[in-house]
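Single-letter residue listing:
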Amino acid sequence: MASRFPILCICLSPFSLSMFCVSVCQLMQRSCRQVTLLAAPSRYWSSIPVAPPSLQPRLLLFLSQRFHDIETILSWSSWFKNRGLRQKNFFYGYTQQNYGDNIAAAYYILSLKGGFRFAGQSEWFRSDRRGKFNWDFMNHRDTSIEEVDVSNTLINYTGLENLVKQRGLCTLSVSGCAEVDDWFLSRLHIFQDTLEELDISNCPRISVGGLAALQKLRGLRRLDVSSLPRLQNPGLVAILLEEMLPHCHVTAIGYDHSLIYSHTQTDG
Amino acid sequence: MILSLLGRSALRPNRNNNIFLNTDLENQFKAFREKAADAMPGSDWTPFEKNRSLPPERADIVIVGGGVVGWSIAYWLKQKEMIRDGVRVLVVERDPTYSQASTVLSAGGIRQQFSLPENIHLSMISADFMRNINEHLSVLNEDPVDLQFNHSGYLFLASEKVAHIMEENYRTQRYAGAKVSLLSTTQLKEKCPWINTDGVVLASYGLENEGWFDPWMLLNAFRRKAISMGVYQCFGEVTGFRYTTNTMTTAEGDTVDFRRIKYANVQMPNSLEYQPVECAIVVNAAGAFSGKVAEMMGIGLGLKDTIAGIPLPVEPRKRFIYVVHCPNGPGLDTPFLVDYSGVYFRREGLGGNYIAGMSPEEEEEPETNNLEVDHQFFQKIWPHLAHRVPAFECLKVTSAWAGFYDYNTFDQNGIVGMHPLVNNMFFATGFSGHGLQHSPAVGRAMAELILDGGFKTLDLSAFSFKRIMTKEPMLERNIV
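Residues numbered from 1 in each chain as written. Chains lettered and ligands numbered in written order. Predicted model: local features only at pLDDT ≥ 70, side-chain atom pairs only at ≥ 80, totals over all residues. Heavy atoms only, no water.

Caption draft 1: Expanded view of the pairing of strand 9 (residues 237–249) of chain B. Residue and element names in this part refer to chain B. The pairing of strand 9 with strand 10 (residues 255–267) spans 12 bridges and is antiparallel. Its bridge partner being in strand 10, F241 is matched across the sheet by A264. Counting the residues that bridge the hairpin from strand 9 to strand 10 gives five residues, and of these G253 lies at a positive phi of roughly 100°. (Pairing = 2+ DSSP bridges. Helix = DSSP H or I, 4+ residues; strand = E, 2+ residues; numbered from the N terminus.)

This is the structure we're talking about:
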């Protein structure tokens, strides 16, 4: 419908500033009742006092509450961001069909800008900063992958679908990955027999609930849980992990274990 | 370049496609059109001052019950509407503090280990929803939703008598796509050295998408997103309905009354003031109190052998949960353990606290007029706990609470769908303890039923009211 033109089309037209102001006022305005409905909930949901956000998000929120156009543009922008993530992690079904599971997994890891090592070989296949890589891995169709390093990439739960057939995986490093969360950890049970080394340091989305899922990895020998920002009691969690996985060596550095002094008065 | 001018309704096409709209005459026409629209029936404007907390006078869909199922239905209705403000949804909740709501008093577990494939699919879809919850329920400029999901899995223990049922269920679950594994006694002892495997022959452990989470966070996430999409919320109690009756005669000469709800009377808390809300569809998602809402429509009050005489078989059943502290108990890897005696427990937090409970026998059901905890009941739970986990011999009960199950006395499974005699009342109730874990999927199914006319993604016609009329129960064998 004609009523859905976004504000950008108006901006791009060669009209003068005054005409722009006029057209802004005549965008699809939302009725006042809806505005109060939208503004009211935000006051009640946060129990933690947060600092007021900076100017640009506040302006965007103000505009999106009053104009449908801005709200639609903002939802488009978040959809595009998600689309980028989905494209990085889609299922390499065609490659799997034509070249086999191992090549598909290898191609996926290289396109994520990670690195891997085949079983029985000693050199790693990596892709450089610009995404270029050596195509020699295509010669090893029947070798499964033993070590995977996808640190600082965009791997997530759906991307793990490409790696499920690698039943001989021994080492996995997802350090610094922003999209690795608790559900990703719960899916690692696929590698429960062979996985020996797991590095999940610096992942901002992992919390205790996901670490509890690591109990299924009975073969784990080395676990790195350093610098997980969402862990509230890192020392206690490290001890509980050591109890949970008795044969595993847990590394948990990068936390501040100093006591926090509070200024409360105690009587007596 | 066409700039269109919209008044309060997004549906009316604009006939003036002028660019220069700043003239006086245009403004006057616009004001006149708005006033005329306000005066027409169907708009909200009244010349009198009215109480702000009253619900609107007209709503398309009224959802009775503001628990997680009710808000899930409201969210999905708004998600699925084809045009902006296509349906006006009103959620009526009796208690703003949610002090008796089953949602917030539940243990918060989700599992795929059911015996009915429909239940397994409901859980799997809900787990998928919760995995991508921020894609669905994030609101601009608000914190992302954090359900605090613990992925520890459910562990069911079976004695010799019920081991064959567990094996059958395992086959059904694997066929439906759930990731479950069966453990023998030795494997169980290896996995959980703190368990005493006396009497246990088989165990079934969920590998993925099982665990527990915070139900209050889920409820608030649904509520926040639904309100941001324009759902109306009202704190009041539905005390009655005004309906029209259409009497028809069957071939044998019996009369059948078909009712259609016209108005739902919503009474304000602590007041006699009420608002009759004119509505097209009413959804009964009142949980443990759905039976009372159904009685307001006369369901169950007819003659004994007629369809009108079959009441909604949902009644509140009280269940207790005890918080215990045990310093030497099982650690971070404690799953949600359900023993064959009916006792269950799970870890709570990191400080050696656990929550435990048991479903009482039919004869020992506590009375449901209040939510007082019977501490003597724990004496029945403790021996089973201590037998199963020897470390629990020295534990201390720190706290307890009680909550209602919306218990379906017929077959302990949900009732989803329309009533044959009331043309516009839908039910989404009777889940008997697993309403929370199925709420996202049930909400979507109900929205499809209401807006699309039938189930599209998951077929829940097995849960319709028909099975209660034909007296064919769909028993769920894995009830906790």
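The structure having been displayed, the exposition proceeds.
Caption draft 2: Layout of the UniProt feature "domain: FAD dependent oxidoreductase" (unreviewed entry) in chain B. According to UniProt, the positions carrying the feature "domain: FAD dependent oxidoreductase" (unreviewed entry) are residues 60–449 of chain B. Annotated as 26% helix and 30% strand, the span residues 60–449 of chain B places its first and last C-alpha atoms 15 Å apart. (UniProt positions renumbered as here; feature names shortened; annotations may be inferred.)

Caption draft 3: Region of the structure containing the packing of aromatic side chains. According to the stated counting rule, one finds 35 aromatic pairs over all chains in the structure shown. Their ring planes at 40° and their centres at 5.9 Å tell us that Y107(A) and W135(A) sit as a pair that is tilted. With a gap of 28 residues between them, Y107(A) in helix 7 (residues 101–111) and W135(A) in the loop between strand 2 (125–126) and strand 3 (145–149) connect regions that are remote in the sequence. Take Y107(A): its relative accessible area is 28%, and that puts it in the partly exposed class. Judged by centre distance (5.8 Å) and plane angle (50°), the rings of Y75(B) and F222(B) are tilted. Of this pair, Y75(B) sits in helix 2 (residues 68–80) while F222(B) sits in helix 7 (residues 215–228), and the two are 147 residues apart along the sequence. Across the pair, exposure class does not vary: Y75(B) and F222(B) are buried alike. Three or more aromatic residues joined by ring pairs make a cluster, and in this case those are F90(A), Y92(A), Y107(A), Y108(A), F116(A), F118(A), F125(A), F133(A), W135(A) and F137(A). Across from the ring centre of F289(B), 4.7 Å away, lies the NZ or CZ of R94(B), which sits over that ring. One residue, R242(B), lies across the ring of Y263(B), its end atom 4.1 Å from the ring centre. (Phe/Tyr/Trp six-rings, centres within 6.5 Å; stacked < 30°, edge-to-face > 60°. Buried < 20%, exposed > 50% of the residue type's maximum accessible area, 1.4 Å probe, protein only. Lys NZ or Arg CZ within 6 Å of the ring centre and 35° of its normal.)

Caption draft 4: Inspection of the environment of E472(B) at higher detail. Residue and element names in this part refer to chain B. Along the chain, the position of E472 falls in the segment after helix 11 (466–469). On the basis of relative accessibility, which here comes to 52%, the residue E472 falls in the exposed class. Sequence separation of E472 and D411 is 61 residues, and the distance between their C-alpha atoms is 9.0 Å. Setting aside anything within four residues of it in sequence, one finds E472 in contact with F410 and R467. (Contact = heavy atoms within 4.5 Å.)

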